[in-house]
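Results of the structural survey
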Amino acid sequence: MRLLLVLTVIIAVTVLLWGSWQWGRRPFYLVLSLVLAGLLVLGIGVWHGGRDDQVRLPPDGIVVTLKGSLASESGVRLTGNLANRSEMNVAAVTLLARALSCPDTGSECTVIYQQPIDLQMYVPAGKDYSFAVVSRHPDEDTPVDRWELEAIDKLAYPNR
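All of these numbers come straight from a predicted model, not from anything done at the bench.

1. Structural notes on helix H2 (residues 25-47)
- Along its 23 residues, H2 runs 32 Å from first to last C-alpha, staying within 8% of the 33 Å computed at 1.5 Å per residue.
- Three or more residues of H2 are buried, namely Phe-28, Val-31 and Val-35.
- Each element contacted by the buried residues of H2 is listed here: helix H1 (2-23).

The following block contains the structure:
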């Protein structure tokens, strides 16, 4: 699709330059200067366009606190707080939601279901915000005793 757009622009600029050449020198030089100025602006945008790129990084500095869970027909609503203690602004965080079954209070809990969830939320460095995400119900008939959330990775804006 991008190639088709580039070819269309090239053809349009060529026809515009050829038509202005037919009108005379003055319109041709005016159109040529506008085309060159546009190419210059486009080149600067491509050259400096990577300044706001986002990169996937490990979840260093991301603290996820689960405050509550509420089961409904469509899934389980998990609410909590996301704190960004890193030096980079964060655009999104991938969370891993785990449903745990704890048969006895003294024994280890068993993971009966887990699901990655993308949380698209801008969190500046040093800030924290409340969030709510929805996880699917576990397929098994084992009752869920509690839920856990863990940050897997983050989509961040690197400092330059």
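Here the narrative resumes.
2. What about the layout of surface pockets?
- In this structure, the largest pocket encloses a volume near 200 Å³.
- Lining of the largest pocket is provided by Val-9, Ile-10, Val-13, Leu-17, Val-35, Gly-38, Leu-39 and Leu-42.
- Only H1 and H2 provide two or more residues apiece to the lining of the largest pocket.
- In terms of residue class, the lining of the largest pocket is built from 7 nonpolar, 1 polar and no charged.

3. Thoughts on the sheet that holds strand S6 (residues 128-135)
- Reading across the sheet, the 3 strands line up as S2-S3-S6 and stay open at both edges, with antiparallel pairing between neighbours. Each of the sheet's edge strands pairs with one partner strand only, and the pair in question is strand S2 (62-71) and S6. Sheet twist, expressed as the average angle between the axes of neighbouring strands with direction ignored, equals 25°.
- Of the strand pairs in this sheet, strand S3 (residues 76-84) and S6 are connected by 8 bridges, and their pairing is antiparallel. Across the sheet, residue Ala-83 finds its bridge partner in S6, namely Asp-128.

4. Here's the deal with the environment of Lys-154
- Mapped onto the fold, Lys-154 is located in strand S7 (residues 146-157).
- According to the relative accessible area criterion, Lys-154 is buried, its value standing at 2%.
- Beyond its immediate chain neighbours, meaning those up to four positions away, Lys-154 contacts Val-55, Arg-56, Leu-57, Pro-58, Pro-59, Asp-60, Ile-62, Ser-86, Met-88, Val-90, Ala-92 and Val-93.
- Within the structure, the side chain of Lys-154 is placed 2.7 Å from the backbone oxygen of Asp-60, a separation counted as a polar contact.

Calculation notes
- Residues numbered from 1 in each chain as written.
- Predicted model: local features only at pLDDT ≥ 70, side-chain atom pairs only at ≥ 80, totals over all residues.
- Heavy atoms only, no water.
- Helix = DSSP H or I, 4+ residues; strand = E, 2+ residues; numbered from the N terminus.
- Expected span 1.5 Å × (residues − 1).
- Buried < 20%, exposed > 50% of the residue type's maximum accessible area, 1.4 Å probe, protein only.
- Contact = heavy atoms within 4.5 Å.
- 1 Å grid on protein atoms, 1.4 Å probe; cavity = no way out; pocket = protein on both sides within 12 Å on 5 of 7 lines; lining within 4 Å.
- Points joined across faces, edges and corners; volume = space filled by probe spheres on them.
- Nonpolar A, V, L, I, M, F, W, Y, C, P; charged D, E, K, R; others polar.
- Pairing = 2+ DSSP bridges.
- Axes fitted to C-alpha atoms, helices over the stretch in contact; angles between N-to-C directions.
- Polar contact = N/O pair within 3.5 Å; in protein donor to acceptor, adjacent residues only side chain to side chain.

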